[in-house]
Amino acid sequence: MKIQKRLTLGIGVLFAMILLLGVLSTSYVRQLSQATKTILADNYASLEYAADMLRSLNDIGEDSVSRHDLRQSLAMQQRNITEINEKEITSSLERHVAALSDSVTEQELQLVREDLLRIMEVNMAAIRAKSAGVEERADQVMWWLIVIAALCAVIAGVFLVWFPKVIVRPIDELKKGITEIANHNYDQRLDFSGNREFESVAESFNDMAARLDEYRRSSLDDLMMAKKRIEAIVNSLHEPIVGLGPDRTILFMNREALSVLNLTDDVVGRNATDVALSNDLLRRLVRELYGDAKPESREPLKIYADNKESYFQMENVPLYITPIGKTECEFIGNLIILNNITRYKELDSAKTNFISTVSHEMKTPISSIMMSLQLLNDDRLGTLNGEQKQLVESIKDSSDRLLEITGELLNMTQIETGKLKLHPKITKPIELIDYAIKSTRVLAERFCCFVEVDYPEKISKIFVDSEKIAWVITNLLSNAIHHSPERSRIIVGAVQHDKAVEIYVQDFGRGIDPRYHKSIFERYFRVPGTKVQGSGLGLAISKEFVEAHGGTISVESEIGKGSRFSIMLPA
């Protein structure tokens, strides 16, 4: 049977039940109404006629109209005889009324009254009997309606539970079949025999499932060959590669990764967290992959490989695909690539050693040059003319700058080689500020800059290497002087925070473009368009010195509004 016919049949049955319940209710109500009208028409009218005759009888001796009304009411009663014995009583009433004389006696009136009372009693008894019958009929009607309504409710409940299942069952089976096909269960088949409406759908579905099963069987060899080809490509790479699923399951590892991490093929398919419990290197990879550490703060992995200490930098590549039939990307796992940076590490170490050696060796001839310049300025060796003094000053400036660059290079090599040693002690921030101001006094006078100090009355002491932090403040103040116009103000101050002390240097010069706020702390970086000479190492060294104390260095600057460099140190 088609769905349309089933729906028509179900709705038709419910409509028939509603119609039946309405017809029966209307019929029973009409019967009760008719019984009530019969009581009013038959018995209630006789009671009214008898009451009218009693009133006329009371006035019969006073006027002739009452006698006429009495006879008229009697005639109407004679036409409304409906009960047993009512006819005999009415006939007796007719005789007694006819026997009334012109001068009515009390005895005659008494006989008429007795007949009227008997008529009223007969009709009252009939009313009570008929009312009891109507009530009994009403009870029967009520129970019949309750039974019929309950039967209709039961039938409707059965339809409510059974009918939707009958309608939806083939649709549910079709949906289950589609779900199985979507889950690559191509052996699923549908059978709607007896249901002509869905037989063609089942035939099309089964044909589709058979074709998909055939396609899967035919393409499985191609897929396996493609998988083997990809595995061969991955294994041929010299970089260790690890593939993890979204649930941290190890999907694959090439031979290089197995060798470097000292693992075997049986780890594939296992959870990386479980394997990492017995493998320190994999544990570090997992911790860096799913931990909170920032990528730029992760140090290279030091691994013994190729019969020497090797360095590897982890690169995490999240993998996303767009599933067939969908438009949004779906995360499928991570690809971990260990880039071998041993050669670059060796070159960097050689560069650091070379710079350290050259810087150290350069300090001796520079010191000799500075000593010779000092002797030349001594009048005991002879007086210099104006041009000679200018040349000596120029050589001294170049020597000072060369000595400063050499010191910066030595500091940087100490940082890179990990030989930076701190000698902290309790220090007042004002001492560090005073040292920086004294060190740059000559420079400030040369550029006609006015250095102001903003220092609160109460401020915490700090536990730092005063030489290193004083160098940082001096470097910041020197930069501020170089990048400020003549007769400009420069503010050096300190601010007390909750558990830290902020030391800042603020100038009102050209300012720094916000695009370069992060880059200026990188080694050898100089803001484009800057005319001031420098090595590009000062801020990088300052950052390393401050962070070695557990502090931070930052900059706030806008073009045309100057710059404010701040270092935050624990109190």
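Scroll up a little and you will see the structure.
Nothing here was measured: the structure is a model prediction, and the numbers come from that model. (Residues numbered from 1 in each chain as written. Predicted model: local features only at pLDDT ≥ 70, side-chain atom pairs only at ≥ 80, totals over all residues. Heavy atoms only, no water.)

**Student:** Could you give me a rundown of the overall build of the chain, with the residues and numbers involved?
**Tutor:** A count of helical and extended segments in the chain gives 14 helices and twelve strands. Within the span of the chain, comprising 571 residues, buried residues form 34% of the whole. For the chain, the share of sequence-separated contacts (at least 6 apart) that also reach a separation of at least 24 residues comes to 62%. Of the accessible surface of the chain, which amounts to about 36,100 Å², a share of 56% is contributed by carbon and sulfur atoms. (Helix = DSSP H or I, 4+ residues; strand = E, 2+ residues; numbered from the N terminus. Buried < 20%, exposed > 50% of the residue type's maximum accessible area, 1.4 Å probe, protein only. Contact = heavy atoms within 4.5 Å. Areas by Shrake-Rupley, 256 points an atom, 1.4 Å probe, with all protein chains shown as cover.)

**Student:** Hey, could you go over the pairing of strand E9 (residues 489-496) for me, with residue numbers and the actual values?
**Tutor:** Inspection of the sheet shows strand E7 (residues 450-454) paired to E9 by five bridges, in the parallel sense. Following the sheet pairing, Phe 450 is matched in E9 by Arg 489. Direction of pairing for E9 relative to strand E10 (residues 500-507): antiparallel, over a ladder of seven bridges. Looking at E10, one finds that Ile 490 is bridged to Asp 507. (Pairing = 2+ DSSP bridges.)

**Student:** Any chance you could break down the nonpolar core for me, citing the residues and the numbers?
**Tutor:** In terms of nonpolar packing, the biggest core is built from 39 residues, with Leu 432, Leu 476, Leu 477, Ile 503, Ile 520, Phe 565 and Ile 567 touching the most fellow members. Here the element with the most residues in this core is helix H13 (residues 466-482); it accounts for eight residues. Those residues in contact with Leu 477 that lie beyond four places of it in its chain are Ala 436, Ile 437, Thr 440, Val 451, Ile 490, Val 492 and Val 505. (Core = buried A, V, L, I, M, F, W, Y, C linked by side-chain atoms within 4.5 Å.)

**Student:** Give me the lowdown on a negative patch on the surface, citing residues and values where you can.
**Tutor:** A surface patch of negative charge is lined by Asp 172, Glu 173, Asp 191, Glu 199 and Glu 203. Those elements giving two or more residues to the negative patch turn out to be helix H4 (106-182) and helix H5 (196-236). On the secondary structure map, Asp 191 appears in the loop between H4 and H5. (Patch = residues over 30% accessible without salt bridge, like charges linked within 9 Å, V, L, I, M, F, W, Y side chains within 5 Å. Salt bridge = Lys/Arg side-chain N within 4 Å of Asp/Glu carboxyl O. Lys, Arg positive; Asp, Glu negative; His and termini not counted. Charge placed at Lys NZ, Arg CZ, Asp CG, Glu CD.)

**Student:** Summarise unusual backbone geometry; cite the residues concerned and give the values.
**Tutor:** A positive phi is found at Asn 262, a non-glycine position, where the angle reads about 60 degrees. Locating Asn 262 in the fold gives a position in the loop between helix H6 (255-261) and helix H7 (272-276). Asn 262 gets classed as exposed once you look at its relative accessible area, which sits at 67%. Its identity is not glycine, yet Cys 448 carries a phi of approximately 55 degrees, on the positive side.

**Student:** Quick rundown of the pattern of salt bridges? Include the residues and the values.
**Tutor:** Taken as a whole and assessed by the stated rule, the structure comprises eleven salt bridges. The partner of Lys 468 in a salt bridge is Asp 465, and the shortest N-O contact between them spans 3.8 Å. By the burial criterion, Lys 468 is buried, and Asp 465 matches it.

**Student:** An account of helix H2 (residues 65-78) is needed here, citing residue identities and associated values.
**Tutor:** Within an α-helix, residues lying three or four positions from one another point in the same direction, as the helix has 3.6 residues per turn. Spanning 14 residues, H2 covers 20 Å between terminal C-alpha atoms, matching the ideal 20 Å at 1.5 Å per step. Regarding H2, the residues found buried are Ser 66, Arg 67, Leu 70, Ser 73, Leu 74 and Gln 77. The buried residues of H2 occupy an angular sector of 125 degrees when the element is viewed end-on, so they sit on one face. Facing away from the buried side of H2 by more than 90 degrees, the exposed set consists of Val 65 and His 68. (Expected span 1.5 Å × (residues − 1). Arc of directions from axis to C-beta.)

**Student:** So, the pairing of strand E1 (residues 241-244): which residues are in play, and what are the values?
**Tutor:** Each regular strand carries side chains that alternate between the two faces of the sheet. Going residue by residue along E1, you find Ile 241 and Gly 243 tucked away on one face and Val 242 and Leu 244 tucked away on the opposite face as well. Note: E1 against strand E5 (residues 330-340), four bridges, orientation antiparallel. Counted as the bridge partner of Gly 243 is Leu 335 from E5. Looking at chain direction, E1 and strand E2 (residues 250-253) are connected through three bridges and run antiparallel.

**Student:** Please provide a residue-by-residue account of the packing of aromatic side chains, values included.
**Tutor:** Each pair of aromatic rings is reported with the distance of its centres and the angle of its planes. The full count for this structure, using the stated rule, is three aromatic pairs. Between the aromatic rings of Phe 521 and Phe 565, the centroid separation amounts to 6.4 Å while the plane-to-plane angle is 75 degrees, which identifies the pairing as edge-to-face. Residue Phe 521 is located in the loop between E10 and helix H14 (538-548), and its partner Phe 565 is located in strand E12 (residues 562-570); the two are separated by 44 residues in the primary sequence. Both residues of the pair, Phe 521 and Phe 565, count as buried. Cation over ring: Arg 564 sits above Tyr 504, and NZ or CZ is 3.9 Å from the ring centre. (Phe/Tyr/Trp six-rings, centres within 6.5 Å; stacked < 30°, edge-to-face > 60°. Lys NZ or Arg CZ within 6 Å of the ring centre and 35° of its normal.)

**Student:** Summarise the sheet that holds E12; cite the residues concerned and give the values.
**Tutor:** Within a sheet, each strand pairs with its neighbour through backbone hydrogen bonds, oriented either parallel or antiparallel. Ordered by their spatial adjacency, five strands build an open sheet running E7-E9-E10-E12-E11, and the pairing between neighbours is mixed. For this open sheet the edge positions go to E7 and strand E11 (552-558), each flanked by a neighbour on one side alone. The average undirected angle you get between the axes of adjacent strands in this sheet is 15 degrees. Its contacts with the sheet put helix H11 (residues 429-439) on E7, E9 and E10, and the angle it makes with E10 is roughly 25 degrees. Each of E7, E9, E10, E11 and E12 touches H13; the most contacted strand, E12, lies at about 175 degrees to it. (Axes fitted to C-alpha atoms, helices over the stretch in contact; angles between N-to-C directions.)

**Student:** With reference to specific residues and values, describe the side chain of Thr 440.
**Tutor:** Mapped onto the elements, Thr 440 comes out in the loop between H11 and helix H12 (441-446). A distance of 2.8 Å separates a polar side-chain atom of Thr 440 from the backbone oxygen of Ala 436. Once you skip the residues sitting within four places of it in the chain, Thr 440 turns out to touch Thr 474, Leu 477, Ser 478 and Ile 481. (Polar contact = N/O pair within 3.5 Å; in protein donor to acceptor, adjacent residues only side chain to side chain.)

**Student:** Any details on the packing of H11 against H13? Residues and values, ideally.
**Tutor:** Two numbers describe how H11 lies on H13: the axes approach to 8 Å, and their chain directions differ by 50 degrees. The angle between H11 and H13 falls in the class oblique. As H11 packs across H13, the resulting crossing turns out to be right-handed. Each of Leu 432, Tyr 435, Ala 436, Ile 437 and Ser 439 in H11 lies in contact with H13, whose residues at this interface are Ser 466, Ile 469, Ala 470, Ile 473, Thr 474 and Leu 477. Residue composition of the contact of H11 with H13, by class: eight nonpolar, three polar and no charged. (Parallel < 35°, antiparallel > 145°, perpendicular 65-115°, else oblique. Left-handed = near helix turned anticlockwise from the far one by under 90°. Nonpolar A, V, L, I, M, F, W, Y, C, P; charged D, E, K, R; others polar.)

**Student:** Quick one: what's the story with the environment of Arg 79, residue by residue and with numbers?
**Tutor:** Along the chain, Arg 79 turns up in the loop between H2 and helix H3 (86-98). Each C-alpha atom of the pair Arg 79 and Ser 46 lies 9.8 Å from the other, and the pair is 33 residues apart in sequence.

**Student:** Summarise the packing of H13 against H14; cite the residues concerned and give the values.
**Tutor:** Where H13 contacts H14, the two axes come as close as 10 Å, and the packing angle between them is 150 degrees. Here the hand of the crossing between H13 and H14 comes out left-handed. Seen from H13, the contacting residues are Lys 468, Trp 471, Val 472, Asn 475, Leu 476 and Asn 479; seen from H14, they are Gly 538, Leu 539, Ile 541, Ser 542, Phe 545 and Val 546. Among the residues making up the contact of H13 with H14, the classes are represented as seven nonpolar, four polar and one charged.

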